[in-house]
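# Survey of secondary and tertiary structure
One letter stands for each residue in the lines below.
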Amino acid sequence: MNTILDIITELGGRLAMAQPKELAVGNIVRRFLKVIREVKHGEHETRRTEMKTSFSSTTLLGEDEEEGFDEDEEEEDEDEDEEDIGKISKSTSSASSQVGSLNDRSPTTTTNTNTNTKSSMFRLLANTGPKKDERKNNANLKPYIIQEINEEIIADLECIYNGIADQAIDHIHANEVIMTIGKSRTVEKFLRRAAEHRKFQVIVAETSPTYQGHAMAKALSAAGIDTTVIVDSAIFAAMPRVNKVVLSAHAVLANGGLVSVTGSHLLAAAAKHHATPVLVCTALYKLSPLFAYDADAFNVTVAPNSVLGFQQGSLVDTVAVSNPYYDYVAPGLVSLFVHNLGSAPPTYVYRLINDNYDPEDTTL
């Protein structure tokens, strides 16, 4: 079992190093390791219970045998005393009683020794028996591991969007104005499900220079939702009209912060200034045990060709262009995380991480 854990850990580390910004890769590997460790520990607990049961039954069996021999010994002593009283000579009776006691007690002593030997052998077998079957039990863990993976990991991945969307009516009310940014399938289904029961308006920031907001606005409008597209620079100006902000997450860190599409930090900061609640729709597999010791490390930038084309050679040589793709949003800017099994504030994220990952697998 330890060999399997080592192989998966090594493979997971290689996958995580291939794309360090995709934290979900390491999260899935950690989840697999957690399932394997749970099956392993559960099997060990079962073995310990069986050992304790066999040991206690063996001990009770030895005690019952010893009590049986003691009762036989007392009955023999009483018969001997009655025979000694019926004899005429005291000396002869005392001698015969001594001889009789010596002749009768020696087998009893031998029997007690044999009984102790048997009980000690029972204890020895009880302690060494399960160890012989350890390799066989490890070989039989494979179907249990596959079953746990199918029930816990794959089943959760299949119902992520429905689990989050089912909570939409608890957080979005009638005639509210919702603001979001970027294109997210999780947020889209979340808003679509709420639109089935209530009417509200959505404002989408365009997310320049990728303009993902345009695709998001088109999808929401096709679902019958009143949708408005605004430029990113108008987020702060439009915030006083907004009742809630709904964001997606590329990754959620152990301190409650998140990595999201560029412009999310601007949107969350504006919502904080106007005391507008910020909801983050995310799946549990995006929870990462990493801490944001250096927040700038999670502000991911990409090639600037979409902002400034390389054909403008004279201008490219004289300016430095930064094209951010992901923003780090501090936990103080988030009100609530809505995941596929419920909801939790940023201060509760560490508990969710402890429930999903093993502390030994924090570093792959």
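That block above? That's the structure.
Residues numbered from 1 in each chain as written. Predicted model: local features only at pLDDT ≥ 70, side-chain atom pairs only at ≥ 80, totals over all residues. Heavy atoms only, no water.

## Digging into the sheet that holds strand β7 (residues 278-281)
The sheet built from seven strands is open, its strands ordered β3-β2-β1-β4-β7-β11-β12 with mixed pairing. What marks the edges here is a single partner per strand, and that holds for β3 (226-230) and β12 (342-344). In this sheet, adjacent strand axes meet at a mean angle of 25° when their direction is disregarded. Pairing of strand β1 (residues 177-181) with strand β4 (residues 244-248), which is carried by two bridges, proceeds in the parallel orientation. From the neighbouring strand, M179 faces β4, where its bridge partner is V245. Where helix α9 (residues 212-222) meets the sheet, its contacts fall on β2 (201-205) and β3, and the angle it forms with β2 comes to roughly 160°. (Pairing = 2+ DSSP bridges. Helix = DSSP H or I, 4+ residues; strand = E, 2+ residues; numbered from the N terminus. Axes fitted to C-alpha atoms, helices over the stretch in contact; angles between N-to-C directions. Contact = heavy atoms within 4.5 Å.)

## Re the pattern of salt bridges
Going through the model one piece at a time under the given rule, you end up with eight salt bridges. Among the salt bridges present, the one from E38 reaches K34, with a minimum N-O distance of 3.9 Å. Of this pair, E38 and K34 both sit in helix α2 (residues 23-85), four residues apart, which is roughly one turn of that helix. Of the charged contacts in the structure, one is a salt bridge between K183 and E188, with a shortest N-O distance of 3.0 Å. (Salt bridge = Lys/Arg side-chain N within 4 Å of Asp/Glu carboxyl O.)

## What about a nonpolar patch on the surface?
There is a patch of nonpolar side chains on the surface, built from V307, L315, V319 and V321 and spanning about 290 Å² of accessible area. Position of L315 among the secondary structure elements: in helix α12 (residues 313-316). Note on L315: relative accessible area 39%, which makes it partly exposed. (Patch = residues over 30% accessible without salt bridge, like charges linked within 9 Å, V, L, I, M, F, W, Y side chains within 5 Å. Areas by Shrake-Rupley, 256 points an atom, 1.4 Å probe, with all protein chains shown as cover. Buried < 20%, exposed > 50% of the residue type's maximum accessible area, 1.4 Å probe, protein only.)

## Points about the packing of aromatic side chains
Two aromatic rings, taken as a pair, are described by how far apart their centres are and by the angle between their planes. According to the stated counting rule, one finds three aromatic pairs in the structure shown. Plain terms: the ring middles of F291 and Y293 are 5.8 Å apart, the flat faces sit at 35° to each other, and that makes the pair tilted. (Phe/Tyr/Trp six-rings, centres within 6.5 Å; stacked < 30°, edge-to-face > 60°.)

## Thoughts on the packing of helix α8 (residues 185-195) against α9
At a closest axis distance of 10 Å, the pairing of α8 and α9 adopts a crossing angle of 25°. In terms of their interaxial angle, α8 and α9 are classed as roughly parallel. As α8 packs across α9, the resulting crossing turns out to be right-handed. Listed contacts from α9 to V187, E188, L191 and R192 of α8 are M216, A219 and L220. Residue composition of the contact of α8 with α9, grouped by class: five nonpolar, no polar and two charged. (Parallel < 35°, antiparallel > 145°, perpendicular 65-115°, else oblique. Left-handed = near helix turned anticlockwise from the far one by under 90°. Nonpolar A, V, L, I, M, F, W, Y, C, P; charged D, E, K, R; others polar.)

## A closer look at helix α5 (residues 142-158)
Here α5 contains 17 residues, and its C-alpha end-to-end distance of 23 Å stays within 8% of the 24 Å for a straight helix at 1.5 Å per residue. A bend of about 30° at N150 is the largest found in α5. (Expected span 1.5 Å × (residues − 1). Bend = angle between axes of the 7 residues up to and from the residue.)

## Some points on the pairing of β4
By the criterion of burial, β4 is predominantly enclosed, with five of the five residues buried. Note that β4 and β7 share four bridges and pair parallel. Across the sheet, L247 pairs through a bridge with V280, a residue of β7.

## Focus: the side chain of K34
Residue K34 is classed as buried on the basis of its relative accessible area, which comes to 13%. Here K34 is in contact with N354, D355, N356, Y357, D358 and D361, once residues within four sequence places are set aside.

## Comments concerning the sheet that holds strand β10 (residues 326-329)
Sheet architecture is open: three strands sit in the order β5-β6-β10, paired in antiparallel fashion. Two strands lie at the open edges of the sheet, namely β5 (251-252) and β10, each paired on one side alone.

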